[in-house]
Amino acid sequence: MKENVAFIGSNLQKIRKERNLSLDKTSVLTGVSKAMLAQIERGDSTPTVTTLWKIADGLKISFSSLITRPQKAMQVIRKEDTQLVTENDKRYRVYNVVPFSPEKLFEVYNVEIDPGSGHSSDPHTPGVEEYIFINKGRLTMDINGTSTFLKEDESIIFDGNQPHVYKNDGEVMVKLTMVMHYRK
C-alpha cells in the first residue's frame, strides 16, 4: 500500500505546486488540515476516500486525478501489448491503443476490417464524436442512412449518437485509426 500512498501524495503535490498553492492555502480550500496534507504528500498517511473527495472538491479537480498513476513522459504502445476485441469471426479487429482518461476525454483505437466484413454500431451516448482516419484501403461509412466512401489518407468526423456502419467493400484489408471524443 505504501506505493499507492506515494503516487497519491505525488499527484497532490504536483497539482498544488502547479497552482502555486501553499499547504496553508490548500488546507483552507479543502478543509483538510495542513498536517494531514503534508503527511499525504510525503506518503506517511493513507488518505480515506472522504479525505480525497474533500481535496478534489476543494481544488475543483477530478477524484481520479489524485488516484491515477502518473503517465510516463514517453510511452511506447506496441500492437501485441494492446487489448484486442474481435467480431465477425475475427474479420473485424479493434486494438485499444490509448485507453480512455477522464482528464483527456478521448480514447484511440486501431481497427482492421477484412474484405467483405464490417461492423454495425448502435448510437453512442450524446456528446460522443468519432474521428476516423483511413490508413489503408477503402471504407464505406453509412451514417444514419447516408453512405460516404473514404480512401487512404481521408478522414471523417461525425456525431456518434446515431446509427453507423463501417464496411469494407474492397479487396484489401482496411486499416483505420478511430478517436472517440467525449464532450462534457
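These remarks concern the structure in this document.

Calculation criteria
- Residues numbered from 1 in each chain as written.
- Predicted model: local features only at pLDDT ≥ 70, side-chain atom pairs only at ≥ 80, totals over all residues.
- Heavy atoms only, no water.
- Pairing = 2+ DSSP bridges.
- Helix = DSSP H or I, 4+ residues; strand = E, 2+ residues; numbered from the N terminus.
- Axes fitted to C-alpha atoms, helices over the stretch in contact; angles between N-to-C directions.
- Core = buried A, V, L, I, M, F, W, Y, C linked by side-chain atoms within 4.5 Å.
- Buried < 20%, exposed > 50% of the residue type's maximum accessible area, 1.4 Å probe, protein only.
- Contact = heavy atoms within 4.5 Å.
- Parallel < 35°, antiparallel > 145°, perpendicular 65-115°, else oblique.
- Nonpolar A, V, L, I, M, F, W, Y, C, P; charged D, E, K, R; others polar.

Moving on: the sheet that holds strand S7 (residues 146–151). The 4 strands lie next to each other as S4-S9-S6-S7, forming an open sheet whose pairing is antiparallel. Every interior strand has two partners, whereas the edge strands, strand S4 (118–121) and S7, have only one. Neighbour to neighbour, the strand axes of the sheet diverge by 15 degrees on average, direction disregarded. Taken together, the 4 bridges between strand S6 (residues 138–143) and strand S9 (residues 164–167) define a ladder with antiparallel strand orientation. Each bridged residue has a counterpart across the sheet, and for Thr140 the counterpart in S9 is Lys167.

In this structure, Val111, Ile113, Ile132, Leu139, Tyr166, Leu176 and Met178 are the most contacted members of the largest nonpolar core, which totals 19 residues. With 4 residues, strand S10 (residues 174–182) is the largest single contributor of residues to this core. Dropping the residues within four chain positions of it, Met178 is found in contact with Tyr92, Glu107, Val108, Tyr109, Val111, Glu130, Tyr131, Ile132 and Tyr166. Counting residues in hydrophobic clusters, the runner-up holds 17 residues, among them Phe7, Leu12, Ile40 and Ile61.

Running from N to C, helix H2 (residues 23–30) and helix H4 (residues 49–59) point in directions that differ by 100 degrees, and their axes come no closer than 8 Å. Between H2 and H4, the angle falls in the class roughly perpendicular. Along the contact surface, H2 presents Thr26, Leu29 and Thr30, while H4 presents Lys54, Ile55, Gly58 and Leu59. Residues of the contact of H2 with H4, tallied by class, amount to 3 nonpolar, 3 polar and 1 charged.

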